[in-house]
Amino acid sequence: MKKLMRRILGATKDESFMHIIENIEVLVSKTLSILMVIVILVAITDLGIFIFKELFTIPYGKFNTTLYKVFGLFLNILIALEILENITAYLRRHVFQVELVIVTSLIAVARKIIILDLEKIGGLDIIGLGIAILSLSISYLIIRLSNSKDAG
């Protein structure tokens, strides 16, 4: 009987501890969400100022040279939005969604490729980016197939 009582009391302590940990995780996730929204708003402001400045200070026809910077800033905001989606999905389900993480990684690698200056980068870097895209794409395919089998 005493052993049973110790187990019950021990389980209660463990449950209380886990409840505290879960509350801390939620608090951290909410804080990260708020900070990510601030980062996104600042990035949008920065993008707007950059575009406004570039449109009105660069001579006509030279905007194409800064277009890659604009694309990079846009993709930075998209990556931040995906990270925010990861955080809010965690808050809703208390589980990290691997599919969202892979999509975010694909966007980050795509951003790197879009703003890539081929004159300043070596062949090994390009091969590395190709391998990263291939690996992430295969991972995404595996996750999608496993999710569709689970749903069906």
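Rules behind the numbers
Residues numbered from 1 in each chain as written. Predicted model: local features only at pLDDT ≥ 70, side-chain atom pairs only at ≥ 80, totals over all residues. Heavy atoms only, no water. Axes fitted to C-alpha atoms, helices over the stretch in contact; angles between N-to-C directions. Helix = DSSP H or I, 4+ residues; strand = E, 2+ residues; numbered from the N terminus. Parallel < 35°, antiparallel > 145°, perpendicular 65-115°, else oblique. Contact = heavy atoms within 4.5 Å. Nonpolar A, V, L, I, M, F, W, Y, C, P; charged D, E, K, R; others polar. Patch = residues over 30% accessible without salt bridge, like charges linked within 9 Å, V, L, I, M, F, W, Y side chains within 5 Å. Areas by Shrake-Rupley, 256 points an atom, 1.4 Å probe, with all protein chains shown as cover. Salt bridge = Lys/Arg side-chain N within 4 Å of Asp/Glu carboxyl O. Buried < 20%, exposed > 50% of the residue type's maximum accessible area, 1.4 Å probe, protein only.

A.B. asks: Mind showing me how you'd approach the packing of helix H2 (residues 67-93) against helix H3 (residues 98-114) here?
C.D. replies: The packing of two helices is summarised by the inter-axis angle and the distance between the axes. Here H2 crosses H3 at 170 degrees, and the two axes come no closer than 9 Å. The orientation of H2 relative to H3 falls into the category roughly antiparallel. Judged by residue contacts, Tyr-68, Phe-71, Gly-72, Leu-75, Asn-76, Ile-79, Glu-82, Ile-83, Glu-85, Asn-86 and Ala-89 of H2 engage Leu-100, Val-101, Val-103, Thr-104, Ile-107, Ala-108, Arg-111 and Ile-114 from H3. Counted by class, the contact of H2 with H3 contains 12 nonpolar, four polar and three charged residues.

A.B. asks: Sorry, what's going on with a nonpolar patch on the surface here?
C.D. replies: A grouping of Ile-20, Ile-24, Val-28, Leu-32, Ile-34, Leu-35, Ile-38 and Val-42 is seen on the molecular surface, where their side chains present a nonpolar patch of about 730 Å² in accessible area. Tracing the chain through its elements places Val-42 in helix H1 (residues 2-57).

A.B. asks: Please clarify how the side chain of Ser-33 should be interpreted in this entry.
C.D. replies: By the secondary structure assignment, Ser-33 is in helix H1. Overall, Ser-33 belongs to the buried group, its relative accessible area being 10%. Among all residues touching Ser-33, those that are not within four sequence positions of it are Leu-84, Ile-87, Thr-88 and Leu-91.

A.B. asks: What is the right way to read the pattern of salt bridges from this model?
C.D. replies: If the charged atoms of two oppositely charged side chains come close together, the side chains can form a pair. Under the definition given, this model contains two salt bridges. Arg-92 is the partner of Glu-85 in a salt bridge, and the nearest nitrogen-oxygen pair spans 3.9 Å. Owing to a relative accessible area of 32%, Glu-85 belongs among the partly exposed residues under this scheme. Residue class for Arg-92 comes out exposed when judged on its relative accessible area of 56%.

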